[in-house]
Amino acid sequence: MSEGRETLEALLDAVRSGSLDVGEAAGKLRAMQAEPLGFATLDHHRAQRCGTGEVVYAAGKTAEQAVTITRRLREADGASGAVLLTRCTAEQVAALYAEFGDAVEVGDRSGCVIVGEPLPDDRADGTIAVVTAGTSDLPVAEEAIMTCRALGHPVRELNDVGVAGLHRLLGRLDEVRSARVVVCIAGMEGALPSVMGGLVDVPVIAVPTSVGYGANLGGLAALLGMLTSCASGVSVVNIDNGFGGAFAACQINRRPQQHRR
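Residues numbered from 1 in each chain as written. Predicted model: local features only at pLDDT ≥ 70, side-chain atom pairs only at ≥ 80, totals over all residues. Heavy atoms only, no water.

In this structure the tally under the stated criterion is eleven salt bridges. Among the salt bridges present, the one from R16 reaches D13, with a minimum N-O distance of 2.8 Å. Note that R16 and D13 are positioned in helix α1 (residues 4-17) at a spacing of three residues, about one turn of the helix. The partner of D121 in a salt bridge is R123, with the nearest N and O atoms 2.8 Å apart. Look at R123 and you get buried, because its relative accessible area is 9%. Connected via shared salt-bridge partners are D121, R123 and R254. (Salt bridge = Lys/Arg side-chain N within 4 Å of Asp/Glu carboxyl O. Helix = DSSP H or I, 4+ residues; strand = E, 2+ residues; numbered from the N terminus. Buried < 20%, exposed > 50% of the residue type's maximum accessible area, 1.4 Å probe, protein only.)

Secondary-structure assignment places G190 in the loop between β9 (181-186) and α9 (192-197). Separated by 36 residues in sequence, G190 and P154 have C-alpha atoms that sit 26 Å apart. Apart from residues lying up to four places away in sequence, G190 is in contact with A222 and M226. (Contact = heavy atoms within 4.5 Å.)

Before going further, it helps to spend a moment on the packing of helix α4 (residues 63-76) against helix α5 (residues 90-100). At their nearest, the axes of α4 and α5 sit 8 Å apart, and the two run at 40 degrees to each other. By the angle between their directions, the pair α4 and α5 is classed as oblique. Relative to α5, α4 is oriented so that their crossing is right-handed. Contact residues: α4 offers A63, A66, V67, T70, R71 and R74, while α5 offers E91, Q92, A95, L96, E99 and F100. Of the residues contributing to the contact of α4 with α5, the split by class is six nonpolar, two polar and four charged. (Axes fitted to C-alpha atoms, helices over the stretch in contact; angles between N-to-C directions. Parallel < 35°, antiparallel > 145°, perpendicular 65-115°, else oblique. Left-handed = near helix turned anticlockwise from the far one by under 90°. Nonpolar A, V, L, I, M, F, W, Y, C, P; charged D, E, K, R; others polar.)

This part takes up α5. Those residues of α5 that fall on the buried side of the exposure criterion are Q92, V93, L96 and F100. Take α5 and look down its axis: the buried residues cluster within an arc of 100 degrees, on one side only. Facing away from the buried side of α5 by more than 90 degrees, the exposed set consists of A90, E91 and A98. Tucked inside the fold, the buried residues of α5 contact α4, β4 (82-86), β5 (104-106) and β6 (113-116). Following α5 by one or two positions, G101 adopts a phi angle in the positive range, close to 60 degrees. (Arc of directions from axis to C-beta.)

Moving on to the environment of L138. On the secondary structure map, L138 appears in helix α6 (residues 138-150). Excluding residues within four positions of it along the chain, L138 makes contact with R109, T132, E157 and N159.

Further remarks concern unusual backbone geometry. In this model, D160 sits at a positive phi of 60 degrees, which is unusual for a non-glycine residue. Here D160 is to be found in the loop between β8 (155-158) and α7 (167-170). The phi torsion at D240 lies on the positive side, around 65 degrees, for a residue other than glycine. Inspection of the secondary structure assignment puts D240 in the loop between β11 (234-236) and α11 (242-252).

Right under this line is the structure:
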């Protein structure tokens, strides 16, 4: 999903070598920026601007639309790397299987789909730890893990280490501390990120989940608890947003790019 920069450089090299004239190059550049499909406008330039290509939020799209968007993203990228779709329905998954076959990897809990083989991000500076408070948080964790994988970042999963049995976390603390950034996923009262923030010296991205009894209020209690955390270095994303937490973690995990002239 980070091939856009290489594609642009190949285009410029072709112009410099004379194998591609300026008019053809201009047409290709226009196609690389945006592509209207009627129901959507694909942002082919996002990798150059942001370092990562477009991710497909599948909720609300038809199966045909999900397939069309995925096909065009892969064609524009030369079918290299992977396309990530989040929150897919069973109908969308079936259509993607029918179109792309063995290139499809599906997260059964989260509805995440990766189409194509993820390429390692050579800017990755370490491992991302995805930590859950309980097994009921696994659907959100799966979304985070698949996002890290699709973006080419090494990821380590630690499950069911919440504050109700803190010894479970303390027994695996070395694994957490070896990570470059931690994505900490918890429902109920959302206490785990505060504990984590007091134990590690790396950024902690807290993801509240909608797991919990009535006063959890669909994740609002966990969200408010994480926002009012007394631990330093804890940042919070929206309820059940494993994708958002993982995407931010991948940005933190990248080495700074050297600006080219």
